[in-house]
Amino acid sequence: MGRLDGKVALVTGSARGIGKGIATELAKEGADVIVADLLIDLAYQTAGELQNRHGVTTLALEMDVTSEDSISSNVEKAIAEMGKIDILVNNAGVPPDNFGADETEADWDRCYEVNLKGIWKVTSAVAPHFKEQGGGKIVNIASIAGRLGGGMASYSASKAGAISITQSQAAELGRFNVNVNAICPGLLWTDLWRQIEGMFAGDHTEEVVDRRERFEAVIASNMPLGREQTPEDIGKAAVFFASDDASNITGQSLNVDGGMRMN
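Caption draft 1: The pairing of strand 2 (residues 32-37), seen in detail. Strand 2 sits mainly inside the fold: five of its six residues count as buried. Pairing between strand 1 (residues 8-12) and strand 2: five bridges, direction parallel. When the sheet's bridge partners are listed, T12 is paired in strand 2 with A36. You can see the chain leave strand 1, run along helix 1 (residues 17-28) and come back into strand 2, and the turn it takes is right-handed. Sheet topology places strand 2 next to strand 3 (residues 58-62); five bridges connect them, and they run parallel. By the bridge assignment, I34 is partnered in strand 3 with L59. The β-α-β motif built from strand 2, the intervening helix 2 (residues 40-54) and the parallel element strand 3 has right-handed crossover chirality.

Rendered as structure tokens:
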């Protein structure tokens, strides 16, 4: 018996990376999973893997979290095909194309449209369903960058906003029996960090990027546990927030960061 048996989870940006790790851990605990992503071919692949490995029902949807039309039509389709949604994980996120002094207004627009307004738009589409059925769980994926700042102002600010909107949503939706919490991942080897490696090395070739020199140096100097985080680490935290174990927790932001930031 899994902690999420009988539940249906919608996870945005879940075709790969952190989102796939979250979807996988939810499926391990018995949840049926809606894999929503712009990368629809990968979404179908991930949905198939989850169904084959964990015996859950899955659905792949091509969703753009910046488009209200895309969100509303896909939420309607998800409910029609899966019967309900019990858990919403707002994971879809993007980094800026430029860093530090090179960041542009386009970087700010991109990060805010996806990382912050995307949370608001998808939650707004799912919340009426939660109200109607008498409750639900929302998990927003922020970042340790939202607490520490750094060389990506647009990204860090959007993730700080994700922490803040979590508190606002928790206050607003609590009376409808909806729990809203956030996870702040630390350092994971993702496409974002590949970009950072290339920027500092001045060379974006795979051979140079995969040395992970900057990544390993930041872990060694800032992380007491001395090890990187994994998508599965984030997924396990999402399972906790989505389960009855967290029924009396809302408006909180949990660092899963190896001790980089201690609250």
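Still to come is the rest of the account.
Caption draft 2: How the structure looks around the packing of aromatic side chains. For the coordinates displayed, the defined rule picks out four aromatic pairs. Between W193 and F215 the ring centres are 5.3 Å apart and the planes differ by 70 degrees, which places this aromatic pair in the edge-to-face class. With a gap of 22 residues between them, W193 in helix 7 (residues 191-201) and F215 in helix 9 (residues 213-222) connect regions that are remote in the sequence. With relative accessibility at 10%, the residue W193 sits in the buried group. With relative accessibility at 0%, the residue F215 sits in the buried group. These aromatic residues form a ring-pair network of at least three members: W189, W193 and F215. For K131, the ring lying beneath its charged end belongs to F176, and the centroid distance is 4.7 Å. The ring of W189 carries R212 above its face, with NZ or CZ at 5.1 Å from the centroid.

What counts, and where the lines are drawn
- Per chain, the residues get numbers from 1 upward, laid out in the order the sequence is written.
- Totals for whole chains, interfaces and linings use every residue, but because this is a predicted model, local features are given only for residues with pLDDT of at least 70 and side-chain atom pairs only at 80 or more, for both listing and counting.
- Computation of side-chain values covers all heavy atoms of the structure but excludes hydrogens and water.
- Partly exposed describes any residue whose relative accessible area lies between the buried limit of under 20% and the exposed limit of over 50%, with all areas from a 1.4 Å probe on protein chains only and scaled to the type maximum.
- Going along the chain from the N terminus, every DSSP run of H or I of four or more residues is numbered as a helix, and every run of E of two or more is numbered as a strand.
- Two strands pair if DSSP finds at least two bridges between them.
- Clockwise travel from the first strand over the helix to the second, with the strands pointing away from the viewer, marks a crossover as right-handed.
- Two rings from Phe, Tyr or Trp (for Trp, the six-membered ring) form a pair when their centres sit within 6.5 Å of each other. Planes less than 30 degrees apart are called stacked, planes more than 60 degrees apart edge-to-face, and all others tilted.
- A ring is scored as having a charge over it whenever the NZ atom of a lysine or the CZ atom of an arginine sits within 6 Å of its centre and within 35 degrees of its normal.

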